[in-house]
Amino acid sequence: MTSTIRFFERDFAGTLFPLKTNLLLVQKHSTEISEYIYQKVLNDAHLEDNFLPQQRVYATKPRGHLRRTAKLDPVAEYFLYDVVYRNRGVFRPAVSESRRSFGYRFQEGQHIPVRIAYAQYKQELAECSSNYGHNIQFDVASYFNSMYHHDVAHWFEAKDGVTPIDANALSQFCREINSGRSIDFMPHGIYPAKMIGNEFLKFVDLYGPLKSKKIVRFMDDITLFDDDPGVLMADFQIIQKLLGQFALNINPSKTAFDNSVGDVKETLSEIRESLKEIITEYEEVPTASGVELEETDVEIENSLGAEQVEALLGLLQNDSLEESDADRILSFLRTHSDSLLEYLPTLFRKFPNLIKHIHSVCREVNEKAELSTVLLEYLKESDDFLEYQLFWIAAIVEDHLLGHGCYGDVLLRLFELTAKLKIARAKVLEIPVQDFGFKEIRGEYLKTGQSDWLSWSSAVGSQSLKPAERNYVLSYFAKASAMNFLISEGVKKCT
C-alpha cells in the first residue's frame, strides 16, 4: 500500500486535473479507502457500493481543440493506481531493438518519468532519420476515447500473473465509472492509464509480418523507418488493418511521409548562441613599474530581444508540440528574460493550452503581487474561459500567490466564473482559505446533504478551521454517503 501511495504522489503534479482532495485522502486515509474498495465495492454482497460515475472534464489542446476525459474521485483514482502498481510486471520493455517503444512502465522500482522517456524517444527518432532514407509518421485518432472497455478487460485478463479478482475488478471499474458505456471510459493524463494504453498497443510491435527496418512508438505515435518506401506503405496499410480489429483509426491530418524529425533543443541552442556577446573588459594588473590595465575578452549572455521572443512564441504555436518541449521553451523564456511577468498576459491569451506549463513557470516569478494583478485583469477581460484554464489559474493562486496582492479577488472571480464548471470550482473550494466569504460558501455545500465534487472539496477546504468547528460541520456532511464519510474521516486526520 505504501508503494501505491508513493506512485500516486510522484505522478500527482503531472496529471491533468490534480485535485488535492484526492492527494489528501490517499496520503491520510488510504487504508480505509482500500478496505472500502476491496471489501465492499468489489464484493457482490454489497450491491449498494460501486465505483461512481465520474465527472466529465475537458483539457485544452492547440487551436481550440479539447481533450475529453473524466476526473476520477478519490476511490476510483486510488484503485487504478493500486491495481496497475500491483500488476506492474505486465508492462514490459520494448519488444526488440528493431521494434522500440518508450516509457510508461516501471524500472528499478519506480515509474519512468515521461520527460525521460520522451527524450529517449526523440533521440531514437533522430538516429533513425540519419540511418534510413524514408519514414512514415502517424498516430491513432482519439486513442483513449476510442478504446473499448471489453477489449481492455480481455487484454488484462489474458496477461500472465493477473488474478481473476484483479481482472474482474478492472472490468467493473471500466464499466461503472462510465455508467455502463463501453467506449470513452479511459481517463487521460494519469500514469496508470497511460501504462494500460501503451501496453495495449504492443500488439503492433509484436506483429511478425511487418517488414520495416525500424518501428518506433511512443504510446500511439508511431514512426516506421526503411530505405524502401514500398515496404513502409505496405506496413502502414497492415497496421491500419490491425488497429481496425479494435475499431481504432489513423488520424489522416497527422500522417506525414518523409517528415524531418526536428528538435526544439536545437532551436533553443541556436537562440542561446545568438544571445552571446564578447565584450572587452579591463583588469588592473600589478607590474614592476606600478599598475597597468590589461584587456580581456569576456563572453556574456544578453536577455532575449523582441525577435527572439517572437521566435519562441512561434515554436509554442506548433500543433505537434509535445509537453516536454513546451516546458523547455517556457523555461528558456523564464531564464533568459529580465522579467517573465511582461510576457505572461500574451501567454495567457495566445496559449490557453499551455496553462499547466505556465503554472510551473510562475513559481519563479518574484513579483507575486504584480502577478496576482495580471491574473485578475486577465480574468476580467471575459466571462468565457475553459475549465482547464480556470483550474490551473486557481492552482497558480494556491501554489504561488496565497497572501500576496489581490489573491482574494482572484479567487472570488474564479468562483464566479466556475458556476457551471464543477471541477474548476472544486479546485477553488478545496483551497483552505477561510477569508473572503469562503468559509460561509463551503458551509452551504456541506449542509445540503449533497455528495459530489463541490461538497467533497468544501470538506477538504475546511481543514484549516479549528478542529472542533471543522469536525462539527463534517459530522453532518458525513451522513450523506459512503464517499462523504470517507472524506470526512480523512479530513479529520489533518492537524
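Residues numbered from 1 in each chain as written. Predicted model: local features only at pLDDT ≥ 70, side-chain atom pairs only at ≥ 80, totals over all residues. Heavy atoms only, no water.

**A closer look at the pairing of strand E7 (residues 214–218)**
By the criterion of burial, E7 is predominantly enclosed, with five of the five residues buried. The side-chain alternation of E7 yields two buried faces, one formed by Lys214, Val216 and Phe218 and the other by Ile215 and Arg217. Here strand E3 (residues 99–101) pairs with E7 via three bridges, running parallel. Looking at E7, one finds that arginine 99 is bridged to isoleucine 215. Where E7 folds back on strand E8 (residues 221–226), the antiparallel hairpin that results is connected by two residues, among which methionine 219 adopts a positive phi of roughly 55 degrees. (Buried < 20%, exposed > 50% of the residue type's maximum accessible area, 1.4 Å probe, protein only. Helix = DSSP H or I, 4+ residues; strand = E, 2+ residues; numbered from the N terminus. Pairing = 2+ DSSP bridges.)

**Describing the sheet that holds E3**
Taken in spatial order, the five strands make up an open sheet running E3-E7-E8-E6-E9, and their pairing is mixed. Only two strands of the sheet have a single neighbouring strand rather than two, namely E3 and strand E9 (256–257). Of the strands in this sheet, strand E6 (134–139), E8 and E9 touch helix H10 (residues 229–244), which is tilted by about 20 degrees from E6. (Contact = heavy atoms within 4.5 Å. Axes fitted to C-alpha atoms, helices over the stretch in contact; angles between N-to-C directions.)

**Observations regarding the packing of aromatic side chains**
Within a pair of aromatic rings, the relevant descriptors are the distance that separates the centres and the angle that separates the planes. The final tally for this structure, using the stated rule, is 37 aromatic pairs. Between phenylalanine 17 and phenylalanine 391, the aromatic rings sit 5.2 Å apart at their centres with planes inclined by 80 degrees, giving edge-to-face as the arrangement. Here phenylalanine 391 lies in helix H17 (residues 387–401) and phenylalanine 17 lies in the loop between helix H1 (2–12) and helix H2 (20–41), a separation of 374 residues in the sequence. In terms of burial, phenylalanine 17 and phenylalanine 391 fall into one category: buried. Aromatic side chains phenylalanine 348 and tyrosine 378 sit 5.2 Å apart centroid to centroid with 20 degrees between the ring planes, which places their arrangement in the stacked category. Note that phenylalanine 348 is positioned in helix H14 (residues 344–350) and tyrosine 378 in helix H16 (residues 368–380), a separation of 30 residues in sequence. (Phe/Tyr/Trp six-rings, centres within 6.5 Å; stacked < 30°, edge-to-face > 60°.)

**Observations concerning the environment of arginine 68**
As for its position among the elements, arginine 68 is in strand E2 (residues 66–71). For the pair arginine 68 and tyrosine 58, spaced ten residues apart in sequence, the C-alpha to C-alpha distance is 4.7 Å. Apart from residues lying up to four places away in sequence, arginine 68 is in contact with Arg56, Val57, Tyr58, Asn145, Asp184 and His188.

**Quick look at the nonpolar core**
A general trend in soluble globular proteins is that nonpolar side chains are found buried together. Residues Phe51, Leu80, Phe173 and Leu344 are the most contacted members of the largest nonpolar core, which totals 153 residues. Take this core: its biggest share by element is ten residues, from H17. Leave out the neighbours within four places in its chain, and phenylalanine 51 touches Ile37, Val41, Leu42, Val75, Ala76, Phe79, Ala169, Gln172, Phe173, Glu176 and Ile177. (Core = buried A, V, L, I, M, F, W, Y, C linked by side-chain atoms within 4.5 Å.)

**Let's talk about the environment of isoleucine 441**
Within the secondary structure, isoleucine 441 is located in helix H20 (residues 438–447). Separated by twelve residues in the primary sequence, isoleucine 441 and leucine 429 place their C-alpha atoms 8.5 Å from one another. If we skip the residues at most four places from it in the chain, isoleucine 441 touches Phe415 and Leu429.

**Quick word on the confidence of the model for the protein**
Residues of the protein with pLDDT of at least 70 account for 88%, and the chain-wide mean is 89. When the criterion is pLDDT under 50, residues 277–282 qualifies, and its contacts beyond four places in sequence or with other chains add up to 20 contacts. Of the regions scoring below 50 in pLDDT, residues 297–301 engages in 18 contacts with residues more than four places distant in sequence or in other chains. (pLDDT = per-residue confidence, 0-100.)

**Quick word on the packing of helix H18 (residues 407–417) against H20**
When two helices pack together, their arrangement is given by the angle between the helix axes and the distance between those axes. Contact pair H18 / H20: the axes reach a minimum separation of 12 Å and the direction vectors enclose 30 degrees. By the angle between their directions, the pair H18 and H20 is classed as roughly parallel. Counted together, Leu411, Leu412 and Phe415 of H18 and Phe438, Ile441 and Tyr445 of H20 form the full contact between these two elements. (Parallel < 35°, antiparallel > 145°, perpendicular 65-115°, else oblique.)

**Notes on the pattern of salt bridges**
All chains considered together, the criterion is met by 23 salt bridges. The partner of glutamate 398 in a salt bridge is lysine 20, and the shortest N-O contact between them spans 3.8 Å. Placement of glutamate 398 in helix H17 and of lysine 20 in helix H2 is noted, with a sequence separation of 378 residues between them. With a relative accessible area of 13%, glutamate 398 lands in the buried category. Judged by its relative accessible area of 27%, lysine 20 falls in the partly exposed class. With a shortest N-O distance of 3.5 Å, glutamate 489 and lysine 492 are connected by a salt bridge. (Salt bridge = Lys/Arg side-chain N within 4 Å of Asp/Glu carboxyl O.)

**Quick word on unusual backbone geometry**
Within the chain, methionine 219 stands out as a residue other than glycine whose phi angle is a positive 55 degrees. Overall, methionine 219 belongs to the buried group, its relative accessible area being 8%. With phi around 60 degrees, alanine 247 is a residue other than glycine that occupies positive phi space. In this fold, alanine 247 is placed in the loop between H10 and E9.

**Some details on the side chain of lysine 427**
Structurally, lysine 427 can be placed in helix H19 (residues 422–430). A relative accessible area of 2% places lysine 427 in the buried class. In this structure the side chain of lysine 427 is engaged in a polar contact, spanning 2.7 Å, whose partner is the side chain of glutamate 430. With sequence-adjacent residues up to four places away left out, lysine 427 is seen in contact with Pro18, Leu19, Lys20, Phe391, Ala394, Ala395 and Glu398. (Polar contact = N/O pair within 3.5 Å; in protein donor to acceptor, adjacent residues only side chain to side chain.)

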